[in-house]
Amino acid sequence: MPRVTLETLPDYARFLLAAAESAAGQFPVQRAIRLPGLDLTAHLDAGALADAMDQAFIETNGDPLDSRQCHIFIGHPGIGDMPVPASWGDAHFTEHGFAQKLAEAGLRGHHFHDLDFWQIYDPGRRVGVQLMRSADAFPPWEQGAPLRAFLHWEYAARGMRLAHAGTLGVDGKGVLLAGAGGAGKSGTVVAGLLNGLDSVGDDYVLIDLENGVTARPLFSILKQDPKGFARLGLGSRLGTDRPLNWQGKHAFHIDEIAPRPVPATLDILMLMVPHIGDGETSSIVPMSRRDAMIALASSGIAQMPGERESGFRFFSDLTRLLPCYRLFLGTRPEEIAGTIADFLARAPDEAERDHAGP
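No experiment lies behind these values; they were computed from the predicted model shown.

(A) Highlighting the overall build of the protein. Each helix and strand in the protein was counted, giving twelve helices and 18 strands. Compactness check: the protein gives a C-alpha radius of gyration of 21 Å against a globular reference of 21 Å for 358 residues, within 12% of the reference. Based on the C-alpha atoms only, the size of the protein along its principal axes is roughly 60 × 45 × 40 Å. Taken over 358 residues, the protein has a buried fraction of 55%. Here the protein displays about 15100 Å² of accessible surface, and carbon together with sulfur accounts for 50% of that area. Charge separation in the protein, taken as the distance between the mean sites of 32 positive and 44 negative side-chain charges, equals 3 Å.

(B) Local environment of helix α11 (residues 333-345). The terminal C-alpha atoms of α11 lie 19 Å apart, and with 13 residues this matches the ideal 18 Å at 1.5 Å per residue to within 8%. Here α11 has its buried residues at P333, E335, I336, A337, T339, I340, F343 and L344.

(C) Spatial organisation of the sheet that holds strand β7 (residues 117-122). A sheet is described by the order of its strands in space; here six strands give the open sequence β2-β3-β4-β8-β7-β6, paired in mixed fashion. Lying at the two open borders of the sheet, with one neighbouring strand each, are β2 (29-35) and β6 (108-112). Taken over all neighbouring pairs, the strand axes of this sheet differ in orientation by 10° on average, direction set aside. In this structure, β6 lies alongside β7, joined through five bridges in antiparallel fashion.

(D) Inspection of the pairing of strand β12 (residues 204-208) at higher detail. Most of β12 is tucked away, with five of its five residues classed as buried. Judged by which residues are buried, β12 turns out to be covered on both faces: Y204, L206 and D208 on one side and V205 and I207 on the other are all buried. Relative to β12, strand β9 (residues 161-164) is paired through four bridges, and the arrangement is antiparallel. Within β12, the position partnered with R161 by the bridge is I207. Looking at chain direction, β12 and strand β13 (residues 214-216) are connected through three bridges and run antiparallel. Within β13, the residue paired with L206 across the bridge is R216.

(E) Structural view of the environment of S134. Within the secondary structure, S134 sits in the loop between β8 (127-131) and α4 (148-156). Spatially, the C-alpha atoms of S134 and I79 are 9.9 Å apart, while their sequence positions differ by 55 residues.

(F) Region of interest: helix α2 (residues 48-56). The set of residues buried in α2 consists of L49, A50, A52, M53 and A56. Summarising the axial view, the buried residues of α2 lie within an arc of 160°, below the 170-degree limit, and thus occupy one face. Buried residues belonging to α2 abut β2, β3 (38-44), β4 (68-75), β8, β14 (221-224) and β15 (250-253).

(G) Layout of the packing of helix α5 (residues 185-194) against α11. Close contact between α5 and α11 brings their axes to 8 Å; oriented N to C, the two are set at 85°. One way to sum up the angle between α5 and α11 is to call them roughly perpendicular. Two secondary-structure elements touch here, α5 through T188, A191 and G192 and α11 through P333, I336, A337 and I340. Broken down by class, the residue content of the contact of α5 with α11 amounts to five nonpolar, two polar and no charged.

(H) Representation of the packing of aromatic side chains within the structure. Within this structure, the stated rule accounts for 16 aromatic pairs. Arranged with centres 5.4 Å apart and planes meeting at 35°, the rings of F57 and F219 form a pair that is tilted. Of this pair, F57 sits in the loop between α2 and β4 while F219 is found in the loop between β13 and β14, placing the two residues 162 residues apart along the sequence. For F57, a relative accessible area of 11% translates into the label buried. Ring centres of F112 and W141 lie 5.2 Å apart, and the angle between their planes is 80°; this geometry places the pair in the edge-to-face category. Here F112, found in strand β6, pairs with W141, found in the loop between β8 and α4; they are 29 residues apart in sequence, far enough to count as distant. Pairwise contacts between aromatic rings join Y12, F15, W88, F93, F98 and W118 into one cluster.

Cut-offs applied
- Residues numbered from 1 in each chain as written.
- Predicted model: local features only at pLDDT ≥ 70, side-chain atom pairs only at ≥ 80, totals over all residues.
- Heavy atoms only, no water.
- Helix = DSSP H or I, 4+ residues; strand = E, 2+ residues; numbered from the N terminus.
- Rg over C-alpha atoms; globule rule 2.2 N^0.38 Å.
- Buried < 20%, exposed > 50% of the residue type's maximum accessible area, 1.4 Å probe, protein only.
- Areas by Shrake-Rupley, 256 points an atom, 1.4 Å probe, with all protein chains shown as cover.
- Lys, Arg positive; Asp, Glu negative; His and termini not counted.
- Charge placed at Lys NZ, Arg CZ, Asp CG, Glu CD.
- Expected span 1.5 Å × (residues − 1).
- Pairing = 2+ DSSP bridges.
- Axes fitted to C-alpha atoms, helices over the stretch in contact; angles between N-to-C directions.
- Arc of directions from axis to C-beta.
- Contact = heavy atoms within 4.5 Å.
- Parallel < 35°, antiparallel > 145°, perpendicular 65-115°, else oblique.
- Nonpolar A, V, L, I, M, F, W, Y, C, P; charged D, E, K, R; others polar.
- Phe/Tyr/Trp six-rings, centres within 6.5 Å; stacked < 30°, edge-to-face > 60°.

This is how it looks when you write it as C-alpha coordinates:
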(Lines give C-alpha, C1' and ligand atoms only; values in the text may rest on other atoms or scores of the structure.)
Protein backbone atom coordinates (compact mmCIF):
# COMPACT_ATOMS: atom_id res chain seq x y z
CA MET A 1 0.00 0.00 0.00
CA PRO A 2 1.42 3.44 -0.90
CA ARG A 3 2.29 5.84 1.90
CA VAL A 4 2.03 9.62 1.79
CA THR A 5 4.27 12.10 3.59
CA LEU A 6 3.88 15.82 4.05
CA GLU A 7 6.31 16.44 1.20
CA THR A 8 4.47 14.16 -1.24
CA LEU A 9 0.99 15.26 -0.13
CA PRO A 10 0.32 17.88 -2.86
CA ASP A 11 1.35 15.43 -5.61
CA TYR A 12 -0.87 12.72 -4.10
CA ALA A 13 -3.79 15.14 -3.89
CA ARG A 14 -3.41 16.08 -7.56
CA PHE A 15 -3.13 12.39 -8.47
CA LEU A 16 -6.43 11.62 -6.71
CA LEU A 17 -8.21 14.49 -8.44
CA ALA A 18 -6.94 13.36 -11.83
CA ALA A 19 -7.91 9.72 -11.17
CA ALA A 20 -11.43 10.73 -10.18
CA GLU A 21 -11.96 12.98 -13.18
CA SER A 22 -10.65 10.34 -15.59
CA ALA A 23 -13.21 7.88 -14.16
CA ALA A 24 -16.08 10.40 -14.33
CA GLY A 25 -18.22 8.31 -16.69
CA GLN A 26 -17.87 5.13 -14.63
CA PHE A 27 -19.51 6.16 -11.35
CA PRO A 28 -22.81 4.24 -11.08
CA VAL A 29 -24.81 6.98 -9.31
CA GLN A 30 -25.15 10.73 -9.73
CA ARG A 31 -26.94 13.01 -7.29
CA ALA A 32 -27.75 16.60 -8.30
CA ILE A 33 -28.10 18.74 -5.18
CA ARG A 34 -29.20 22.36 -5.30
CA LEU A 35 -27.84 24.34 -2.35
CA PRO A 36 -27.56 28.09 -1.70
CA GLY A 37 -25.49 29.48 -4.56
CA LEU A 38 -24.24 26.00 -5.47
CA ASP A 39 -25.40 23.38 -7.96
CA LEU A 40 -23.51 20.35 -6.71
CA THR A 41 -23.25 17.03 -8.53
CA ALA A 42 -22.06 14.04 -6.48
CA HIS A 43 -20.69 11.06 -8.43
CA LEU A 44 -20.63 7.88 -6.34
CA ASP A 45 -21.51 4.21 -5.96
CA ALA A 46 -24.76 2.77 -4.68
CA GLY A 47 -24.87 2.16 -0.93
CA ALA A 48 -25.60 3.77 2.39
CA LEU A 49 -24.00 7.10 1.50
CA ALA A 50 -25.98 7.41 -1.72
CA ASP A 51 -29.15 6.61 0.23
CA ALA A 52 -28.31 9.23 2.86
CA MET A 53 -27.89 11.92 0.20
CA ASP A 54 -31.51 11.49 -0.83
CA GLN A 55 -32.67 12.85 2.54
CA ALA A 56 -29.73 14.72 4.09
CA PHE A 57 -30.06 18.07 2.33
CA ILE A 58 -32.55 20.92 2.33
CA GLU A 59 -32.52 21.92 -1.31
CA THR A 60 -33.02 25.55 -2.19
CA ASN A 61 -35.35 27.20 -4.67
CA GLY A 62 -34.79 30.72 -5.92
CA ASP A 63 -31.99 31.69 -3.52
CA PRO A 64 -30.52 35.10 -4.46
CA LEU A 65 -26.90 33.91 -4.23
CA ASP A 66 -25.14 33.55 -7.59
CA SER A 67 -25.11 29.84 -8.38
CA ARG A 68 -21.92 27.97 -9.25
CA GLN A 69 -21.26 24.43 -10.46
CA CYS A 70 -19.36 21.92 -8.33
CA HIS A 71 -18.48 18.23 -8.83
CA ILE A 72 -17.53 15.81 -6.05
CA PHE A 73 -16.34 12.29 -6.93
CA ILE A 74 -16.82 9.74 -4.14
CA GLY A 75 -14.77 6.78 -5.26
CA HIS A 76 -13.13 3.54 -4.25
CA PRO A 77 -11.15 0.76 -5.97
CA GLY A 78 -13.34 -0.86 -8.61
CA ILE A 79 -14.63 2.37 -10.11
CA GLY A 80 -12.51 3.02 -13.19
CA ASP A 81 -8.87 3.26 -12.18
CA MET A 82 -9.55 4.65 -8.71
CA PRO A 83 -6.58 3.55 -6.55
CA VAL A 84 -6.42 1.85 -3.18
CA PRO A 85 -6.28 4.65 -0.56
CA ALA A 86 -2.80 5.44 0.69
CA SER A 87 -1.77 5.48 4.33
CA TRP A 88 0.01 8.30 6.11
CA GLY A 89 3.75 7.70 6.16
CA ASP A 90 5.24 10.42 8.38
CA ALA A 91 5.84 9.78 12.05
CA HIS A 92 3.91 12.92 13.02
CA PHE A 93 0.65 14.31 11.67
CA THR A 94 -0.88 17.66 12.50
CA GLU A 95 -4.07 19.06 10.97
CA HIS A 96 -2.44 22.48 10.72
CA GLY A 97 0.63 21.23 8.85
CA PHE A 98 -1.52 19.07 6.56
CA ALA A 99 -3.84 21.99 5.72
CA GLN A 100 -0.97 24.43 5.26
CA LYS A 101 0.89 22.15 2.84
CA LEU A 102 -2.20 21.71 0.69
CA ALA A 103 -3.05 25.42 0.85
CA GLU A 104 0.38 26.23 -0.58
CA ALA A 105 -0.69 24.19 -3.62
CA GLY A 106 -4.09 25.89 -3.80
CA LEU A 107 -5.90 22.83 -2.44
CA ARG A 108 -7.88 21.78 0.64
CA GLY A 109 -8.10 18.37 2.24
CA HIS A 110 -8.66 16.03 5.14
CA HIS A 111 -7.42 12.55 6.07
CA PHE A 112 -9.12 10.22 8.56
CA HIS A 113 -6.39 7.72 9.50
CA ASP A 114 -8.55 4.94 10.92
CA LEU A 115 -10.12 4.23 7.53
CA ASP A 116 -7.50 5.73 5.17
CA PHE A 117 -10.32 8.07 4.17
CA TRP A 118 -9.23 10.99 1.97
CA GLN A 119 -11.01 14.19 0.98
CA ILE A 120 -9.31 16.60 -1.44
CA TYR A 121 -10.82 19.76 -2.93
CA ASP A 122 -9.65 22.21 -5.58
CA PRO A 123 -11.59 25.43 -4.81
CA GLY A 124 -10.34 27.10 -7.98
CA ARG A 125 -11.96 24.50 -10.24
CA ARG A 126 -14.70 23.42 -7.75
CA VAL A 127 -13.78 19.76 -8.11
CA GLY A 128 -13.32 17.35 -5.22
CA VAL A 129 -12.56 13.71 -4.57
CA GLN A 130 -13.40 11.51 -1.60
CA LEU A 131 -11.46 8.24 -1.72
CA MET A 132 -12.56 5.28 0.41
CA ARG A 133 -11.66 1.60 0.66
CA SER A 134 -15.20 0.64 -0.41
CA ALA A 135 -18.60 2.23 -0.97
CA ASP A 136 -19.48 2.06 2.73
CA ALA A 137 -16.04 2.67 4.27
CA PHE A 138 -16.71 6.15 5.61
CA PRO A 139 -16.75 7.64 9.14
CA PRO A 140 -20.15 7.33 10.83
CA TRP A 141 -20.77 11.08 10.92
CA GLU A 142 -20.80 11.29 7.11
CA GLN A 143 -24.36 9.98 6.79
CA GLY A 144 -25.81 12.82 8.86
CA ALA A 145 -23.96 15.60 7.01
CA PRO A 146 -22.48 14.15 3.80
CA LEU A 147 -19.93 16.28 1.94
CA ARG A 148 -19.74 18.67 4.89
CA ALA A 149 -16.00 19.25 4.46
CA PHE A 150 -16.36 20.07 0.77
CA LEU A 151 -19.17 22.52 1.47
CA HIS A 152 -17.05 24.09 4.20
CA TRP A 153 -14.14 24.63 1.80
CA GLU A 154 -16.31 25.90 -1.05
CA TYR A 155 -18.25 28.41 1.00
CA ALA A 156 -15.16 29.54 2.94
CA ALA A 157 -13.53 30.41 -0.39
CA ARG A 158 -16.50 32.75 -0.97
CA GLY A 159 -16.32 34.45 2.42
CA MET A 160 -19.07 32.42 4.11
CA ARG A 161 -18.87 29.71 6.77
CA LEU A 162 -20.55 26.58 8.00
CA ALA A 163 -21.35 27.17 11.66
CA HIS A 164 -21.90 24.38 14.15
CA ALA A 165 -25.06 25.99 15.47
CA GLY A 166 -28.82 25.74 15.52
CA THR A 167 -31.41 28.26 14.37
CA LEU A 168 -34.94 29.31 15.28
CA GLY A 169 -36.99 32.09 13.78
CA VAL A 170 -40.33 33.81 13.30
CA ASP A 171 -41.36 35.68 10.13
CA GLY A 172 -37.88 35.55 8.66
CA LYS A 173 -36.12 36.89 11.78
CA GLY A 174 -34.08 34.50 13.84
CA VAL A 175 -31.64 33.56 16.53
CA LEU A 176 -28.41 31.57 16.23
CA LEU A 177 -27.99 28.95 18.97
CA ALA A 178 -24.45 27.90 19.85
CA GLY A 179 -22.87 25.70 22.47
CA ALA A 180 -21.15 22.44 23.26
CA GLY A 181 -22.90 19.09 23.13
CA GLY A 182 -25.27 18.50 26.03
CA ALA A 183 -26.01 22.19 26.59
CA GLY A 184 -29.51 21.93 25.16
CA LYS A 185 -28.99 23.47 21.70
CA SER A 186 -30.60 20.69 19.68
CA GLY A 187 -33.43 20.21 22.16
CA THR A 188 -34.17 23.92 21.93
CA VAL A 189 -34.39 23.73 18.13
CA VAL A 190 -36.76 20.76 18.33
CA ALA A 191 -38.88 22.49 21.00
CA GLY A 192 -39.20 25.52 18.74
CA LEU A 193 -40.13 23.49 15.66
CA LEU A 194 -42.77 21.56 17.61
CA ASN A 195 -44.33 24.83 18.75
CA GLY A 196 -44.59 26.84 15.55
CA LEU A 197 -41.14 28.38 15.13
CA ASP A 198 -39.10 27.96 11.94
CA SER A 199 -35.53 26.72 11.56
CA VAL A 200 -32.97 26.57 8.76
CA GLY A 201 -31.20 23.73 10.50
CA ASP A 202 -29.42 22.39 13.53
CA ASP A 203 -25.81 21.17 13.78
CA TYR A 204 -24.52 22.88 10.59
CA VAL A 205 -25.94 25.98 8.92
CA LEU A 206 -24.49 28.37 6.35
CA ILE A 207 -23.72 31.87 7.64
CA ASP A 208 -23.19 34.90 5.41
CA LEU A 209 -22.06 38.29 6.77
CA GLU A 210 -22.47 40.21 3.51
CA ASN A 211 -25.49 42.26 4.65
CA GLY A 212 -25.91 41.75 8.35
CA VAL A 213 -25.97 38.11 9.46
CA THR A 214 -27.93 35.67 7.29
CA ALA A 215 -28.39 31.94 7.95
CA ARG A 216 -29.25 29.52 5.15
CA PRO A 217 -30.20 25.83 5.27
CA LEU A 218 -27.97 22.97 4.17
CA PHE A 219 -28.78 19.80 6.14
CA SER A 220 -32.14 18.50 7.33
CA ILE A 221 -30.92 16.23 10.14
CA LEU A 222 -31.95 16.63 13.79
CA LYS A 223 -30.72 14.47 16.68
CA GLN A 224 -31.84 13.73 20.22
CA ASP A 225 -30.59 11.32 22.85
CA PRO A 226 -33.22 8.91 24.27
CA LYS A 227 -33.85 11.13 27.29
CA GLY A 228 -34.50 14.23 25.18
CA PHE A 229 -36.48 12.18 22.66
CA ALA A 230 -38.85 11.12 25.43
CA ARG A 231 -38.99 14.53 27.13
CA LEU A 232 -40.01 16.21 23.87
CA GLY A 233 -42.71 13.63 23.19
CA LEU A 234 -41.13 12.53 19.93
CA GLY A 235 -41.93 8.85 20.40
CA SER A 236 -45.62 9.43 19.70
CA ARG A 237 -44.75 11.28 16.47
CA LEU A 238 -41.85 9.22 15.17
CA GLY A 239 -42.19 5.86 16.89
CA THR A 240 -40.15 4.43 19.73
CA ASP A 241 -38.34 1.72 17.76
CA ARG A 242 -35.93 3.98 15.88
CA PRO A 243 -32.31 2.80 15.96
CA LEU A 244 -29.65 4.93 17.63
CA ASN A 245 -26.85 6.44 15.59
CA TRP A 246 -23.13 6.27 16.32
CA GLN A 247 -23.54 8.92 19.04
CA GLY A 248 -26.30 6.97 20.79
CA LYS A 249 -28.94 9.41 19.49
CA HIS A 250 -32.13 9.19 17.46
CA ALA A 251 -31.72 10.88 14.08
CA PHE A 252 -34.67 12.34 12.18
CA HIS A 253 -35.46 15.16 9.76
CA ILE A 254 -37.04 18.59 10.08
CA ASP A 255 -40.04 17.75 7.92
CA GLU A 256 -40.88 14.77 10.11
CA ILE A 257 -41.76 17.03 13.02
CA ALA A 258 -42.51 20.30 11.19
CA PRO A 259 -44.09 19.47 7.81
CA ARG A 260 -43.96 22.99 6.40
CA PRO A 261 -41.54 24.76 4.05
CA VAL A 262 -38.12 25.57 5.46
CA PRO A 263 -37.31 29.28 4.98
CA ALA A 264 -34.68 30.06 2.35
CA THR A 265 -33.03 32.44 4.82
CA LEU A 266 -33.26 33.77 8.35
CA ASP A 267 -32.01 37.24 9.21
CA ILE A 268 -30.14 36.55 12.44
CA LEU A 269 -30.75 39.22 15.07
CA MET A 270 -28.97 37.68 18.06
CA LEU A 271 -26.76 34.87 19.30
CA MET A 272 -27.92 32.73 22.20
CA VAL A 273 -26.00 30.10 24.16
CA PRO A 274 -28.43 27.65 25.84
CA HIS A 275 -27.82 26.18 29.28
CA ILE A 276 -29.88 23.74 31.29
CA GLY A 277 -31.61 25.97 33.86
CA ASP A 278 -32.58 25.37 37.48
CA GLY A 279 -36.18 26.59 37.26
CA GLU A 280 -39.37 25.73 35.43
CA THR A 281 -39.33 28.89 33.31
CA SER A 282 -36.72 30.09 30.84
CA SER A 283 -34.74 33.30 31.18
CA ILE A 284 -32.46 35.29 28.88
CA VAL A 285 -29.58 37.46 30.10
CA PRO A 286 -26.79 39.30 28.25
CA MET A 287 -23.39 37.61 27.97
CA SER A 288 -19.98 38.83 26.90
CA ARG A 289 -18.95 38.62 23.27
CA ARG A 290 -15.80 36.81 24.35
CA ASP A 291 -17.78 33.98 25.95
CA ALA A 292 -20.17 33.89 23.00
CA MET A 293 -17.22 33.67 20.62
CA ILE A 294 -15.79 30.71 22.54
CA ALA A 295 -19.15 28.91 22.50
CA LEU A 296 -19.60 29.45 18.77
CA ALA A 297 -16.10 29.07 17.39
CA SER A 298 -14.62 26.23 19.43
CA SER A 299 -16.68 23.39 17.99
CA GLY A 300 -17.22 25.11 14.65
CA ILE A 301 -13.52 25.36 13.93
CA ALA A 302 -12.59 21.98 15.44
CA GLN A 303 -15.11 20.20 13.22
CA MET A 304 -14.14 22.02 10.01
CA PRO A 305 -10.75 20.98 8.63
CA GLY A 306 -8.55 23.82 7.41
CA GLU A 307 -9.37 27.54 7.23
CA ARG A 308 -8.59 27.88 10.96
CA GLU A 309 -7.34 31.47 10.97
CA SER A 310 -10.07 32.75 8.67
CA GLY A 311 -12.60 30.92 10.84
CA PHE A 312 -11.57 32.76 13.99
CA ARG A 313 -11.77 36.08 12.13
CA PHE A 314 -15.20 35.22 10.76
CA PHE A 315 -16.70 34.23 14.11
CA SER A 316 -15.10 37.24 15.78
CA ASP A 317 -16.80 39.48 13.21
CA LEU A 318 -20.10 37.65 13.71
CA THR A 319 -20.13 38.15 17.48
CA ARG A 320 -19.35 41.86 17.01
CA LEU A 321 -22.40 42.19 14.77
CA LEU A 322 -24.87 40.53 17.14
CA PRO A 323 -26.03 41.04 20.71
CA CYS A 324 -25.19 37.90 22.69
CA TYR A 325 -27.24 36.19 25.39
CA ARG A 326 -27.35 33.21 27.70
CA LEU A 327 -30.59 31.27 27.46
CA PHE A 328 -31.36 29.39 30.68
CA LEU A 329 -33.83 26.69 29.67
CA GLY A 330 -37.02 25.90 31.52
CA THR A 331 -38.59 22.48 31.66
CA ARG A 332 -41.48 22.81 29.19
CA PRO A 333 -40.83 22.84 25.41
CA GLU A 334 -43.77 25.15 24.67
CA GLU A 335 -42.55 27.66 27.27
CA ILE A 336 -39.01 27.62 25.82
CA ALA A 337 -40.38 28.27 22.33
CA GLY A 338 -42.63 31.05 23.59
CA THR A 339 -39.79 32.74 25.46
CA ILE A 340 -37.64 32.82 22.31
CA ALA A 341 -40.52 34.03 20.13
CA ASP A 342 -41.37 36.82 22.56
CA PHE A 343 -37.74 37.88 22.79
CA LEU A 344 -37.43 37.96 18.99
CA ALA A 345 -40.55 40.15 18.81
CA ARG A 346 -38.82 42.64 21.10
CA ALA A 347 -35.48 42.25 19.28
CA PRO A 348 -35.00 45.87 18.10
CA ASP A 349 -35.49 47.23 21.61
CA GLU A 350 -33.40 44.51 23.25
CA ALA A 351 -30.59 44.90 20.73
CA GLU A 352 -30.43 48.68 21.22
CA ARG A 353 -30.24 48.20 24.99
CA ASP A 354 -27.76 45.31 25.04
CA HIS A 355 -25.60 45.62 21.93
CA ALA A 356 -23.18 47.93 23.68
CA GLY A 357 -22.66 45.39 26.46
CA PRO A 358 -19.34 43.80 27.43
